[in-house]
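Given next are the chains, with one letter for each unit.
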Amino acid sequence: CVFAYTQQMTTVMMTMMLCVLITIIIFPCIGSVSGRSNSFVDVPFFQETSTIFTPANISISSSWPQLPFSEPILQVEYISTTTDANDDVFLLVTSKAELYTMAMTANSIIIKMTTNIPIPTGSRIVNFNHVSASFVVASSSSFLLCTLGSSPSSSSSSSLSSSALCKRILDAPFGNVSSLLCTDDDCWVVASTGLHQIDISSWKYRGVLFSNDSLTSIAYCEETKTLAVGGALRLHLLSNTKWTYHWVGYYIDSAITGLTYDNNNTLWIGNLLSVSQLGQDGLFSRISGPEGLPYANITNINFDSKMSSVWFGTFIGAVRYGSVDIASDGGGLNYVWKYYYGSRWIWGNKIMSIASSSKSYNTVLVTDSGLSVIEFTQWTLEKKADHFQSLMNTSRHLRMGLAGECEMTKFANLATCVQTPSDNDGLWTSMYLGSQAFCYAVTKTESARSSAWTSFLAMEMLNSVTGIPGLPARSFNYANGTLSGDWWTNSTAIPGMAWKSNTSSDEIVGHFFVYPLFADLVCESDEERARPIKLMHNIASYITKNNFYLIDYNGKPTRWGVWNPSEINDIWSWGDQRGPNSLQILSWIGTTYMYTQDPALLSAFHYLTQEHGYDVNMLNTKVTIPDDLNYSDDELIFMSYFPMIFSKSRTLLPPSFFDNSLKRAWNIAKPIKSSLWNAMYAASGIPHSGSEDDDLIND
């Protein structure tokens, strides 16, 4: 749904919120719609959120905190100093050779500069001992052991001191340091001059290896006691005191840019072209786009042991391969690829460094322009619905009962939101009203019923403001208000109001999607039910009587209000709409007939199917690549399938026609993994088979 309809951010966000609301609340209703057992359990899941920090000299939004410094961050390292399972401490190293602590609790993130620690320019750090809060620092010519000034027994990160004590261990000609790592026996420094070894027991320098390779990264597998070092020429492996290697350019596409081991002892190897894996069995495999990698150009890799996930930094955003489920042992989880880019997740492009907590579900992404904390918290669908409902309950998105867009005059500053009418206020409002109808059906709360009625009254206004029964407006506003875009005309039916004409098929899809839901799930008397049914009947009859056109106030068909066989069947340029428009008109007049028993509508249904083959047209509703791949058409067709499921008007079609049509469309659309379309397919009760389908439907 995020990609549906338009690339304008405000519209995308509106579509996403409404799809989420409908999807979340439709799940408990699926059983009653499809006839299946209604045993819905609101299972907790991981919800990802991002807190973006911008440099002190860059203010983007009042809701985005700022770092206490302006310099770029070179590295982030996780180092816990508390016994509280919910508290974390990360260290930040800036390009100015300053060290900052970032203390995170369940309710706050505090960043402050350490004192008494003269870190040399270009230093890299690595955790040395979580219990004693110690870490080592390597610069171009020195090696230090440091301890943060907090008590090892402290139970809260709030007691963390801003001081640190460092001891110079030795001097060595490292050169430019790219990474370092400490095992039980040694600390290893990866630098421009090679791989340097330091004995921990004596803190003595042991020498340098591989000075002829441009080394970049290092990783260690605790279980197999294997050290991996990556460079431009080779992957070097140390196991049982023996070094072996693999050439870059064969199993590994190009110079190695990142290494990490996961909990299965598999080595992940990043480069600019792809990701390679080296299993414990010694076998290589390659991962690129066809295998699921969203983006290559890897800059660094980090393993999140708490989430059993592998994080990849890239030149444009971050990638995570990991579970989306909640489980303590990491076994039997559903692993997916996830891409993090854009201002929802990060500020900047290139990922400079990544660190994950071993205690909580937090990961810090350092970019070339700031820092993001990605947090995974346990939510339920009810909590998520409440979250989006709270956004809809503000003045940002409800205008005169219409669910509309909010255009910000300043990026990310919600205070600058300006409500304006749009071409699709009818569609957005119908989707929001649908969510409230499902919500009331499940919860029976007065707030849901009140919200539903508020938006239904706006839908009624869309129909009455035109003064033409059966012709709904795209939008409406006061005549002296903001009238953005084209197609505005003053209302002759309601003085002082103006309405937007040239109503499209998208709007009509929304009207017919929601009126049956409102009638059956919200209305509590015959008088109430008569109102949405009348609107349905007016529109269906108006289109039918006008030879299957939606005639505007000027007596001409609207641009997309065309369902006439002479155009849909006989004009080549309507070929991509032949299936969707055939489905739409059959859905609308068939569904309205089920509520009104109007014989004229049944006659029109048979006319279109028996004389013009609209039932055959709808068998192949979804047009596929290479001719057309249109997410807007997904909305047009699935929101037309659903009324036929809900009203049982699909029984007016020949046996299996509806099921075959929906199954084909869903099989084409299911790689998108739209929860809303999956929920609608599940409501159909059509049998499905295979583990992939089970995952999409059951999950």
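See the structure shown above.
Presented here is a report on the structure given in the accompanying data block. (Residues numbered from 1 in each chain as written. Predicted model: local features only at pLDDT ≥ 70, side-chain atom pairs only at ≥ 80, totals over all residues. Heavy atoms only, no water.)

**Some remarks on the packing of aromatic side chains**
In total, this model carries 38 aromatic pairs according to the counting rule given. Here the aromatic rings of phenylalanine 210 and tryptophan 243 are separated by 4.8 Å at their centres, their planes lie at 80°, and the arrangement is edge-to-face. With phenylalanine 210 in the loop between strand S13 (204-209) and strand S14 (215-221) and tryptophan 243 in strand S17 (residues 242-247), this pair connects stretches of sequence that are 33 residues apart. On the basis of relative accessible area, phenylalanine 210 is assigned to the buried category, the value being 18%. Between phenylalanine 548 and tyrosine 607 the ring centres are 6.1 Å apart and the planes differ by 10°, which places this aromatic pair in the stacked class. Taken together, the residues span a long stretch of sequence, with phenylalanine 548 in the loop between helix H7 (526-545) and strand S36 (549-551) and tyrosine 607 in helix H10 (residues 599-611) at a distance of 59 residues. (Phe/Tyr/Trp six-rings, centres within 6.5 Å; stacked < 30°, edge-to-face > 60°. Helix = DSSP H or I, 4+ residues; strand = E, 2+ residues; numbered from the N terminus. Buried < 20%, exposed > 50% of the residue type's maximum accessible area, 1.4 Å probe, protein only.)

**Things to note about the sheet that holds strand S2 (residues 73-78)**
Overall, antiparallel pairing links the four strands, which are arranged S2-S3-S4-S5 in an open sheet. Each having just a single partner strand, S2 and strand S5 (109-113) make up the two edges of the open sheet. Averaged over all neighbouring strand pairs, the angle between strand axes comes to 20°, with direction disregarded. When strand S4 (residues 99-104) meets S5, the two strands line up antiparallel, connected through five bridges. In the sheet register, methionine 104 faces S5, and the bridge partner there is isoleucine 109. (Pairing = 2+ DSSP bridges. Axes fitted to C-alpha atoms, helices over the stretch in contact; angles between N-to-C directions.)

**Considering unusual backbone geometry**
Even without being glycine, asparagine 240 reaches a positive phi, approximately 55°. Turning to its location among the elements, asparagine 240 is positioned in the loop between strand S16 (234-239) and S17. The phi angle at alanine 412 is positive, at roughly 65°, despite the residue not being glycine. Summarising the element assignment, alanine 412 is placed in the loop between strand S31 (406-408) and strand S32 (417-419). On the accessibility criterion, alanine 412 (16% relative accessible area) is buried.

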